[in-house]
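# Structure at a glance
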Amino acid sequence: MIIKKTYNMLFFFLFGLLSWSQQGIIDSVQNPRLFVKGFAKKNAIYLRWGVNDKWAWEYGNQYGYLVERTTIFRDGYPLEKSEKVILTGGPIKPKPLPQWEFLMQDNDMAAVAAQAIYGESFSVNDESENLFMKVVNESSELEQRFGFSMFAVDQDFTAAQYAGLGYVDADVRPNER
């Protein structure tokens, strides 16, 4: 009788967890956000972007990002028609894992980002946990991957570029905005 009650409680908890996670999917699909920061250096613009949740991050890893530049001023005067140029040629996606190998030797943040994107399993929890906690932790694996990836690329711009979340525009002109 006690075992049956335990299984019923586990079933309802997991059902509730599944319902909650499905609502999270619906919310993030309805409200995905992309955040972009730009840093001007001597002869280049450094762009770094990120998304607001794990599902958008997974989507970006799969399909990539296009970077478009719009020129609106030249020589101090506004252009009648803005000029748009896609800078990337195609979508920017995370580089394939073999290209990360050299970078990961000396860059811990790149290793964290690569593991988050390409690792077979990603768990920062104790392996000796009980079965219930393992189920809960597995359900949050994508969230852990997303969180650690975002942390790693925030710490290192090169890792961000390899993860498909950074770009350097070196074709800048001082007379344009």
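Residues numbered from 1 in each chain as written. Predicted model: local features only at pLDDT ≥ 70, side-chain atom pairs only at ≥ 80, totals over all residues. Heavy atoms only, no water.

## A short note on the confidence of the model for the chain
- Mean pLDDT over the chain: 82, with 76% of residues reaching 70 or higher.
- Of the regions scoring below 50 in pLDDT, residues 1-15 engages in four contacts with residues more than four places distant in sequence or in other chains.
- Contacts for the low-pLDDT stretch residues 21-25, under 50 throughout, to residues beyond four places or in other chains number two contacts. (pLDDT = per-residue confidence, 0-100. Contact = heavy atoms within 4.5 Å.)

## A closer look at the sheet that holds strand β1 (residues 34-41)
- In space, the three strands of this open sheet follow the order β1-β2-β5, with antiparallel pairing throughout. Whereas interior strands pair on both sides, the edge strands pair on one side only; in this sheet they are β1 and β5 (166-169). Strand-to-strand twist of the sheet, defined as the mean angle between neighbouring strand axes without regard to direction, takes the value 20°. (Pairing = 2+ DSSP bridges. Helix = DSSP H or I, 4+ residues; strand = E, 2+ residues; numbered from the N terminus. Axes fitted to C-alpha atoms, helices over the stretch in contact; angles between N-to-C directions.)

## Looking at the pairing of strand β3 (residues 68-74)
- Bridging between β3 and strand β4 (residues 77-86) involves six bridges; their strand directions are antiparallel. Paired with Arg74 across the bridge in β4 is Tyr77.
- Linking two consecutive strands that pair antiparallel, namely β3 and β4, is a turn of two residues; a positive phi of about 55° is found at Asp75 within it.

## Quick notes on the nonpolar core
- Judged by nonpolar contacts, the single largest core of 24 residues is most densely connected at Trp49, Trp57, Trp100, Val153 and Leu165.
- Of all the elements in the fold, those that place two or more residues in this core are β2 (44-51), α2 (54-63), α3 (97-106), α4 (108-118), α6 (141-155) and α7 (157-162).
- In terms of residue count, α6 provides more of this core than any other element does, five residues in total.
- Dropping the residues within four chain positions of it, Trp100 is found in contact with Lys95, Ala110, Ala113, Ala114, Ile117, Tyr118, Ala159, Tyr162 and Ala163. (Core = buried A, V, L, I, M, F, W, Y, C linked by side-chain atoms within 4.5 Å. Buried < 20%, exposed > 50% of the residue type's maximum accessible area, 1.4 Å probe, protein only.)

## What to know about the packing of aromatic side chains
- Considering all chains together, one arrives at five aromatic pairs under this definition.
- Summarising the aromatic geometry, the rings of Tyr46 and Phe157 are spaced 5.3 Å apart at their centres and angled 65° between planes, so their arrangement reads as edge-to-face. Of this pair, Tyr46 sits in strand β2 while Phe157 sits in helix α7, and the two are 111 residues apart along the sequence.
- Judged by its relative accessible area of 24%, Tyr46 is partly exposed.
- The ring of Tyr46 has Lys41 lying over it, and the distance from NZ or CZ to the ring centre is 5.0 Å.
- Its guanidinium or amino end placed over the ring of Tyr162, Lys95 lies 5.1 Å from that ring's centre, counting from NZ or CZ. (Phe/Tyr/Trp six-rings, centres within 6.5 Å; stacked < 30°, edge-to-face > 60°. Lys NZ or Arg CZ within 6 Å of the ring centre and 35° of its normal.)

## Examining the side chain of Glu176
- On the secondary structure map, Glu176 appears in the segment after β5.
- When residues no more than four places from it in sequence are discounted, the contact partners of Glu176 are Thr71, Phe73 and Arg74.

## Side note on α2
- By the burial criterion, the buried members of α2 are Lys54, Ala56, Trp57, Gly60 and Asn61. The buried side chains of α2 occupy one side of the element, clustering within an arc of 160° when seen end-on.
- A distance of 3.3 Å separates the backbone nitrogen of Trp55 from a side-chain oxygen at the start of α2, and that oxygen is part of Asp53.
- Gly64 occupies a position one or two residues after α2 and carries a positive phi of about 85°. (Arc of directions from axis to C-beta. Polar contact = N/O pair within 3.5 Å; in protein donor to acceptor, adjacent residues only side chain to side chain.)

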